[in-house]
Amino acid sequence: MVGILGYPVDHSLSPPMHNAAFQALGLDWVYVPFPVRPEALESAVHGLVACGVRGFNVTVPHKVAVMKHLDEIDNTARIIGAVNTVVINSDGRTRGYNTDADGFIRSLYEESVNVKGTAVLIIGAGGAARAIACGMLREGAREIVIGNRTQEKARNLAEHLKKSYSQVDIKWVPLTNVPALIPHCDIIVNATSLGMKGQPPLEIDLSSAKPDAVICDIVYSPIHTEFLSRAREKGLKIITGDGMLLHQGTKAFELWTGHDAPVDVMRRALNDLLNSGS
Ligand code: ATR
């Protein structure tokens, strides 16, 4: 058994996605949502270990708080500063991972996007931006710029990343300075919640982008945000946010089961949910 700890957790798309994968591979596993209040987090973690559960995902609001209740933290999760996947081994030891970075990178690689040597602009400085920046740095990006509305968060993230990647050019700018950087960047990522259903779109003019620039969005509801639609109209390559969501899951599946994830089965389950408006 595996599951997800969050509060609330009823809208998570992970249970049907993983359960479809278990079924497709004929594995006798099940993925269960666990609504856990913040004050119950520690006992929930110990309870899952005691029950012999193989692992779990962690979502809002527990991604940082769970770290102090785990035995080990993987290096990428340590740099990101948050855990979204926990593996419980046979002797009950817990190890925390963050599969968001791998998820984003896999979503690029499956569309044949090269990261090594690129100049990357990440708009946003929250948890998703942190994970994406770590993934891009690990894959050999040449330059990273963080653009964010709240300047202090952009500065803090850039300073934090420099500690682990001192040889890479890592900068930050206020959101208002982002347009000036567009012509310079190979990969541009919206890592804010702008463009999500019920939120205003991210208004950045991409007219000056390089013709081979790749434009990515972490928002997956809707899959084609206004930001991406405008990029596509300009003939730019786009990467939609459902890929990162899918692949944070394929990576977690592999960590828990040791099997290759049935990517197409999981993609289909996810697309069915996204298309049904869940
Ligand atoms: P997540 O963990 O999903 O990244 P988060 O930590 O709440 O979520 O971060 C949300 C990001 O979206 C932040 O970069 C936030 O900018 P601020 O740091 O200035 O808050 C950005 N964001 C959300 N709404 C925004 C808006 N209306 N305009 C600009 N940026 C916005």
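As a reminder, the structure under discussion sits directly above these lines.
The following refers to the structure shown. Quantities reported herein were computed from a predicted structural model and do not represent experimental measurements. (Residues numbered from 1 in each chain as written. Predicted model: local features only at pLDDT ≥ 70, side-chain atom pairs only at ≥ 80, totals over all residues. Heavy atoms only, no water.)

Quick word on the side chain of Ser221
Secondary-structure assignment places Ser221 in the loop between strand E11 (214–217) and helix H8 (226–233). Excluding anything up to four places from it in sequence, Ser221 contacts Gly195, Met196 and Lys197. (Helix = DSSP H or I, 4+ residues; strand = E, 2+ residues; numbered from the N terminus. Contact = heavy atoms within 4.5 Å.)

What to know about the sheet that holds strand E12 (residues 237–239)
Taking strand neighbours across the sheet as the criterion, the six strands line up as E9-E8-E7-E10-E11-E12 in an open arrangement whose pairing is parallel. Only two strands of the sheet have a single neighbouring strand rather than two, namely strand E9 (169–174) and E12. Each strand of the sheet is rotated relative to its neighbour by a mean of 20 degrees, with strand direction disregarded. Bridge analysis of strand E8 (residues 143–148) against E9 gives six bridges, and the strand direction is parallel. Residue pairing in the sheet places Asn148 in a bridge with Pro174 of E9. Strands in contact with H8 are strand E10 (187–190), E11 and E12; relative to E11, the strand with the most contacts, it is inclined by about 165 degrees. (Pairing = 2+ DSSP bridges. Axes fitted to C-alpha atoms, helices over the stretch in contact; angles between N-to-C directions.)

Some remarks on the site of the ligand
Taken together, the neighbourhood of the ligand is formed by 13 residues, with Ala125, Asn148, Arg149, Thr150 and Lys153 sitting nearest. Contact distances for the ligand include 2.9 Å between an oxygen atom and a backbone N or O atom of Ala125. Asn148 is positioned such that a nitrogen or oxygen atom in its side chain is 2.7 Å from an oxygen atom of the ligand. Across the complex, the protein chains shield 67% of the 640 Å² of accessible surface that the ligand would expose by itself. Tallied by class, the residues present in the shell around the ligand amount to four nonpolar, seven polar and two charged. (Near = heavy atom within 4 Å. Polar contact = N/O pair within 3.5 Å; in protein donor to acceptor, adjacent residues only side chain to side chain. Areas by Shrake-Rupley, 256 points an atom, 1.4 Å probe, with all protein chains shown as cover. Nonpolar A, V, L, I, M, F, W, Y, C, P; charged D, E, K, R; others polar.)

Re the packing of helix H5 (residues 127–138) against helix H6 (residues 151–164)
One can describe the packing of H5 onto H6 by two numbers: an axis separation of 11 Å at closest approach and a directional angle of 35 degrees. The crossing of H5 and H6 is right-handed. Judged by residue contacts, Ala129, Arg130, Ala133, Cys134 and Leu137 of H5 engage Leu157, His160 and Leu161 from H6. Split by residue class, the contact of H5 with H6 holds six nonpolar, one polar and one charged. (Left-handed = near helix turned anticlockwise from the far one by under 90°.)

Here we look at unusual backbone geometry
With omega at 10 degrees, the peptide bond leading from Val60 into Pro61 counts as cis. Turning to its location among the elements, Pro61 is positioned in the loop between strand E3 (55–58) and strand E4 (72–73). Omega for the peptide link from Ser221 to Pro222 comes to 10 degrees, which places this bond in the cis form. By the element assignment, Pro222 lies in the loop between E11 and H8. For Ser112, which is not a glycine, the phi torsion comes out positive at approximately 60 degrees.

Overview of the nonpolar core
As a rule of thumb, nonpolar side chains are buried together in soluble globular proteins. The biggest cluster of nonpolar side chains holds 37 residues, and the ones touching the most others in it are Phe104, Ile122, Ile132, Met136, Ile144 and Ile146. Contributing elements (two or more residues each) for this core: helix H3 (75–80), helix H4 (100–109), strand E7 (119–123), H5, E8, H6, E10 and E11. For this core, the element with the highest residue contribution is H5, accounting for seven residues. Ignoring sequence-local partners within four residues, the contact set of Ile132 consists of Phe104, Ile122, Val189, Ala191, Ile218 and Met244. Grouped together as the second largest cluster of nonpolar side chains are 23 residues, Leu13, Met17, Leu27 and Tyr97 included. (Core = buried A, V, L, I, M, F, W, Y, C linked by side-chain atoms within 4.5 Å. Buried < 20%, exposed > 50% of the residue type's maximum accessible area, 1.4 Å probe, protein only.)

Focus on the sheet that holds strand E6 (residues 94–97)
Read across the sheet, six strands follow the order E2-E1-E3-E5-E6-E4 without closing on themselves; strand pairing throughout is mixed. At either margin of the open sheet sits one strand with a lone partner, and together these are strand E2 (31–35) and E4. Pairing between E3 and strand E5 (residues 85–88): three bridges, direction antiparallel. Of the residues in E5, the one forming a bridge with Phe56 is Val86. Here helix H1 (residues 14–25) sits on the sheet in contact with strand E1 (2–6), E2 and E3, set at roughly 160 degrees to E2. Along the sheet, helix H9 (residues 242–257) makes contact with E1, E2, E3, E5 and E6, crossing E5 at roughly 10 degrees.

Re the packing of H1 against H9
Where H1 meets H9, the axes come as close as 11 Å, and the angle between the chain directions of the two elements is 50 degrees. Classified by the interaxial angle, the pair formed by H1 and H9 is oblique. For the pair H1 and H9, the crossing hand works out as right-handed. Counted together, Ser14, Met17, His18, Ala21, Phe22 and Leu25 of H1 and Leu245, Leu246, Gln248, Gly249, Phe253, Trp256 and Thr257 of H9 form the full contact between these two elements. Among the residues forming the contact of H1 with H9, the class breakdown is eight nonpolar, five polar and no charged. (Parallel < 35°, antiparallel > 145°, perpendicular 65-115°, else oblique.)

What to know about the packing of aromatic side chains
Scanning the entire structure with this criterion turns up three aromatic pairs. Connected via pairs of aromatic rings, a cluster forms that spans Phe22, Trp29 and Phe253. (Phe/Tyr/Trp six-rings, centres within 6.5 Å; stacked < 30°, edge-to-face > 60°.)

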